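# Structural overview
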Amino acid sequence: MTTTKSKVVYSPTFTDGAEFQIPTFKLLKQDGSLYKGGKAPALKKDKALRIYKAMVTTRVLDERMLAAQRQGRLSFYMQCTGEEASVVGSTAALDDADMIMAQYREQGSLAYRGFTIDEFMNQLFGNEMDYGKGRQMPVHYGSSKLNYMTISSPLATQIPQATGYAYGQKLAGKGHCTITYFGEGAASEGDFHAALNMATVHRVPVIFLCRNNGYAISTPSVEQFAADGVAPRAYGYKMDVIRVDGNDILAVYEATQAARKMAVEENRPVLIEAMTYRLAAHSSSDDPSGYRSKDEEAVWREKDPILRMQRWLQKKKWWSEDEEKQLQEGLRKEVLETMKRAQKRSPPPLESLITDVYDQVPPALNAQFEKLKTHIRKYPEAYPKSANDAAITSKGGA
């Protein structure tokens, strides 16, 4: 049984979907000018600068923290480099009360919403001021006050969760939606298909934003799927879809703004495929030279989304080279100074290991905690001084 009446034929007729050609929405050229026929969205100066500064903040933070990882200060890091427009541009098109469910490369969303450098650093170093209490890997951010769901390592789990959360928003009826980010590699997970099907069946206000950056770690798109990208998959679920130049901040902003209107006002889920490129390695554990060429990277560096927006701002007389220099220098100084402070902060209290899951810590966990303290006291040389001090001074310690 289908939901629509199907045409009847009297001989075997097969289709492969090739008749559907999905266009790519663009507005802004790399030199900062608009394409002929393109019209910039209604973006005021203060918001445009908020977007731009969030993109630059993300780039500077990424550069410095990758260097910190190489110096042994961090165990792990993942950069957003090259994808800032896809992330920040889409976030800017939302209401700040809308929920964001990220994958692991969307620190630009937090930067746009006001997550401070201090908050970034606390999470990266897992100190006592980290909202996650040091329980997560670096870059697994979360902020309840900024409506940014804490990142989870298992790939694509956030996609069906976004559909479920959006269903709750629909029932609440307060005019909010959820956006979830993922790469084209995550779109190959079963969670992706389950989420899209559930979203259209229940008509929930959710935006699925696929950052198609060309690689699922080291696997290029041509080896991931034979179809024309991820966008055509929306047809299988009768979902509205748009493909956009992911390095074009204006196009991403306008596409997401329109998608949000459909989601919130009509409960129509939308899939956005943002065509972009990961200029950095997949993570600090990856070496992209093993699967792509320097020439390929150079082509995409010429399409830098930050440089493109900077030129647009300059053409509008909203930004200058002096302001750019001051912003870059100020951010680098702030990142370095904040990193030094974050490193000196104490780790979370040892007792926090067994809190938060239960309203009251059950006897079994308390017993395990006592065994842990005994173990630390027995082998103090294997643990940091802070752990030894905590094992001695914490409640119940000898």
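Going by the structure above, here's the rest.
Residues numbered from 1 in each chain as written. Predicted model: local features only at pLDDT ≥ 70, side-chain atom pairs only at ≥ 80, totals over all residues. Heavy atoms only, no water.

## Considering the packing of helix 2 (residues 84–92) against helix 7 (residues 249–266)
What counts is decided by this rule: For helices, the fitted line uses only the C-alpha atoms of the stretch in contact; every axis is such a line through C-alpha atoms, and the angle between N-to-C directions lies from 0 to 180 degrees. We count a stretch as a helix when DSSP gives it H or I for four or more residues in a row; a strand needs E for two or more, and each element gets its number in order from the N terminus. Geometric relationships in this document are graded by angle, where less than 35 degrees denotes roughly parallel, more than 145 denotes roughly antiparallel, 65 to 115 denotes roughly perpendicular, and other angles denote oblique. Definitions for this section: a left-handed crossing has its near helix turned counterclockwise from the far helix by less than a right angle. A right-handed crossing has that turn clockwise. The contact rule is simple, with two residues in contact once any of their heavy atoms fall within 4.5 Å. Three categories are distinguished: nonpolar for Ala, Val, Leu, Ile, Met, Phe, Trp, Tyr, Cys and Pro, charged for Asp, Glu, Lys and Arg, and polar for the others, with Gly belonging to the last.
Between helix 2 and helix 7, whose axes approach to 8 Å, the crossing angle comes to 40°. Classified by the interaxial angle, the pair formed by helix 2 and helix 7 is oblique. Like other packed secondary-structure pairs, helix 2 and helix 7 cross with a definite hand, here right-handed. Contact with helix 2, carried on its side by A85, S86, G89, S90 and A92, involves I249, V252, Y253 and T256 of helix 7 and no other residues of that element. Considering only residue class, the contact of helix 2 with helix 7 consists of 5 nonpolar, 4 polar and no charged.

## Comments concerning the packing of aromatic side chains
Selection rule: Each aromatic pair joins two rings of Phe, Tyr and Trp (for Trp, the six-membered one) with centres within 6.5 Å, and gets the label stacked for planes under 30 degrees apart, edge-to-face for over 60, and tilted for any other angle. Accessibility here uses a 1.4 Å probe with only protein chains present; expressed as a share of the type maximum, an area under 20% marks a residue as buried, one over 50% as exposed, and anything in between as partly exposed. Lysine NZ or arginine CZ positioned within 6 Å of the ring centre and within 35 degrees of the ring normal marks a charge as sitting over the ring.
In the structure shown here, the tally under the stated rule is 11 aromatic pairs. On the numbers, 6.4 Å between centres and 65° between planes, the contact of F115 with Y131 is edge-to-face. Here F115 is found in the loop between helix 3 (107–113) and helix 4 (117–125), whereas its partner Y131 is found in the loop between helix 4 and strand 3 (148–149), with 16 residues between them in sequence. When its relative accessible area of 48% is taken as the criterion, Y131 is described as partly exposed. Aromatic rings pair up to connect F115, F120, Y131 and Y141 into one cluster. The cationic tip of R50 hangs over the ring face of Y112; the distance from NZ or CZ to the ring centre is 3.8 Å. Across the ring face of Y215, the terminal group of R292 is positioned such that the distance to the ring centre comes to 5.7 Å.

## What to know about the pairing of strand 5 (residues 206–212)
Defined as follows: Strand pairing is assigned whenever DSSP identifies at least 2 bridges connecting the two strands. With strands facing away from the observer, any crossover in which the path from the first strand over the helix to the second runs clockwise is taken as right-handed.
Extensive coverage of strand 5 is indicated by the burial of 7 of its 7 residues. Of the strand pairs in this sheet, strand 4 (residues 178–183) and strand 5 are connected by 6 bridges, and their pairing is parallel. In the strand pairing of strand 5, F182 is matched with C210. The parallel pair strand 4 and strand 5 is bridged by helix 6 (residues 190–202), and the resulting crossover is right-handed. In terms of strand pairing, strand 5 meets strand 9 (residues 270–275) through 6 bridges, oriented parallel.

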